[in-house]
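# Observations on the three-dimensional arrangement
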Amino acid sequence: MSTPIAPLDGIKVLDLSRVLAGPWCAQMLGDLGADVTKVERPIAGDDTRHWGPPYLPTDDGETTDQASYYTACNRNKRSITIDMASPEGQALIIEMAKEADILVENFKVGGLKGYGLDYESLKKLNPRLIYCSVTGFGQTGPYAPRAGYDLMVQAMSGMMSITGHADGEPGGGPLKVGVAVTDVFTGIFSCSAILAALYARDRTGEGQHIDMALLDVGMSVLANQAVGYLNANDVPQRAGNIHPSVAPYQDFPSKDGNVLLAVGNDGQFARFCAATGNDAWAKDVRFIKNSDRITNRKALLALMYPLMKTKTTAEWIKLLEDKAVPCGPINNIAQAFDDPQVKARGLHIQTPRNAGDGITSISTVASPLRLTATPPVVRRPPPVMGQHTDEILAEMGRTPTQIAELHAKGVV
C-alpha cells in the first residue's frame, strides 16, 4: 500500500518560536505533514530544553541534561542553530523566509524589526508568506509591550478565580490549571488561523499577518463562564469539582477512593436512580429537572454522598457503564496511560531517534487529529539542538567549506 499524502505535504514552516504556544502550533503543522524548520539559539537553544526535571534518560538509564519538556511540542521538526544577532545569521533566516509558506514567532512586539524579520519587511520579499505572531497581549493595546506567560494570563483572565475550592473550604483559594492550558489553546487557535490563511491564500495569492494573544485566548476559553457573566452579570465563583449549572456533576468519595459522576441531563439522572434502587429520587419534585437539582443541590448531595460510599469506584463504573450514565475514575497520569481505551487509541507513541546521544527512542503523545484518508504521522522525533544544521544549510546551497566557515564564526 502506498503511503497517503499528508494534508500539508509541500508546505514549508519556519519556526522562530520557543517555549510552548508557538512550538505547539508548529508541531501541529508538522504532524499534518508540513516541513518544519526550527531555528534555535546556538549553545542555549529553546528555553524548554533546560526546563527540568524530569530529564530524558539514555538507553542505559543514565540521566542526561535534556529536559523532557522540550519533547512535548517539538516533534516533526528539524533543528538548526543560528545566531540571529549576527548579520550573517539574519541573512540566513531571511533567505529561509523567502522560501517559506508559514512563519511562526513569539518575540515581543517589535522585537524582530531590528533584524529585518518583522512581517512588513518579509512581506516585501515573500508576499505569499503567512506570518503568525504569538504574544502575551497582542500587537495592539496598552499591554502590547509586556511579556506574557501562561500563569500570568490564567490569573488575569479570571481562569484562576474559577479554579479550585471556594474560600473557607479546605484548600480554598485560586489555583492554576495543572497544564499550561492558555499556551496550548493558543497553539491550537494559531494553527486553526494559519490553516484558514492557507485556504484564503489559495484564492487570493496573498499571505497575511496573524496576531495571536494569550490573553485573547484565555478570555475566549472561559466559554460558558464568560457569557454567563456578560449576559446575566453573574460573576462565577470557585466551586471545586462541582458544576455550577449541572447536578450531580462532580466527584464523590467511593468505598476505596473517588469516583467521577457526570449526569448531564434528566434522563441520565432517572437511569442513575433506577440503577441504584432510588427511583423515588427521580420523581421527587426537588430533583425532577436539572434546574430543580441545582436549586436543591444541598439536599441532593446529602442523599448521594452516603450512597456513593457503599461501592468501590470499579463497582460504580461496572454498574453504570451500560446504563449510559457517565461515570469514571480519577486517574493519575500513569493510570491514564495504562487505561485500555487509551492503549486502544494508540495515544502513547515511541519514535526512534539516532542523534548519537545515547537516546534511541523518544516517547510522545499521539496527535488527537484522526483523519481517515490523511492521518497525522510522526516522521521525526524531537531533535537534538542543531541536529540538522548542516543538512539544512546544504539544502540552501552552502558548500561544506562555507558551512565550516559559518561554524567557525559562531553564526551557526
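Basis of the calculations
- Residues numbered from 1 in each chain as written.
- Predicted model: local features only at pLDDT ≥ 70, side-chain atom pairs only at ≥ 80, totals over all residues.
- Heavy atoms only, no water.
- Pairing = 2+ DSSP bridges.
- Helix = DSSP H or I, 4+ residues; strand = E, 2+ residues; numbered from the N terminus.
- Axes fitted to C-alpha atoms, helices over the stretch in contact; angles between N-to-C directions.
- Contact = heavy atoms within 4.5 Å.
- Salt bridge = Lys/Arg side-chain N within 4 Å of Asp/Glu carboxyl O.
- Buried < 20%, exposed > 50% of the residue type's maximum accessible area, 1.4 Å probe, protein only.
- Phe/Tyr/Trp six-rings, centres within 6.5 Å; stacked < 30°, edge-to-face > 60°.
- Lys NZ or Arg CZ within 6 Å of the ring centre and 35° of its normal.

Reading across from one edge, β9-β10-β11 is the order of the three strands in this open sheet, with antiparallel pairing throughout. The open sheet has two edge strands with one neighbour each: β9 (249–253) and β11 (327–329). When the angles between neighbouring strand axes are averaged without regard to direction, this sheet yields 25°. In this structure, β9 lies alongside strand β10 (residues 258–262), joined through five bridges in antiparallel fashion. Across the sheet, the residue bridging to F252 is V259, located in β10. Sheet strands in contact with helix α11 (residues 297–308) are β9 and β10, and its direction is about 50° off that of β9.

Once the charged atoms of two side chains with opposite charge are near each other, the side chains can pair. With the rule as written, the count across this model stands at 18 salt bridges. A salt bridge links D167 to R238, with the nearest nitrogen and oxygen atoms 2.4 Å apart. Highlighted residues: D167 in the loop between α4 (150–156) and α5 (181–204) and R238 in the loop between α7 (223–232) and β9, separated in sequence by 71 residues. Its relative accessible area of 14% is what places R238 among the buried residues. In this structure, D322 and K323 form a salt bridge, with 2.9 Å as the shortest nitrogen-oxygen distance. Exposure remark for D322: the relative accessible area of 60% places this residue in the exposed category.

Below, the discussion takes up the environment of A334. In this structure, A334 sits in helix α13 (residues 333–337). Residue classification places A334 among the exposed positions, given a relative accessible area of 57%. When the C-alpha atoms of A334 and G138 are compared, they prove to be 37 Å apart, with 196 residues separating the residues in sequence.

Looking now at the pairing of strand β7 (residues 130–135). Within β7, six of the six residues are buried, leaving the element largely enclosed by the surrounding structure. Residues of β7 alternate between two faces, with I130, C132 and V134 on one and Y131, S133 and T135 on the opposite face, all of them buried. With five bridges connecting them, β7 and strand β8 (residues 209–213) associate as parallel partners. Pairing of S133 across the sheet is with D211, part of β8.

Counted according to the given criterion, the structure contains five aromatic pairs. On the basis of an interplanar angle of 85° and a centroid distance of 5.2 Å, the ring pair of W51 and Y69 is categorised as edge-to-face. In this pair, W51 sits in the loop between β2 (35–40) and β3 (55–57) while Y69 sits in the loop between β4 (63–67) and β5 (77–81), placing the two residues 18 residues apart along the sequence. Judged by centre distance (5.7 Å) and plane angle (75°), the ring pair of F137 and Y143 falls under edge-to-face. Taking the relative accessible area as the measure of exposure, F137 reaches 7% and is therefore buried. The cationic tip of R49 hangs over the ring face of Y70; the distance from NZ or CZ to the ring centre is 3.7 Å. In this arrangement the basic side chain of R146 is found over the ring face of Y143, its NZ or CZ atom lying 3.8 Å from the centre.

Attention shifts here to the sheet that holds strand β6 (residues 102–105). Reading across the sheet, the six strands line up as β5-β2-β1-β6-β7-β8 and stay open at both edges, with parallel pairing between neighbours. In this open sheet, the two strands that pair with only one neighbour each are β5 and β8. Across the sheet, the mean angle from the axis of one strand to that of its neighbour is 20°, orientation sign disregarded. Relative to β6, strand β1 (residues 12–15) is paired through three bridges, and the arrangement is parallel.

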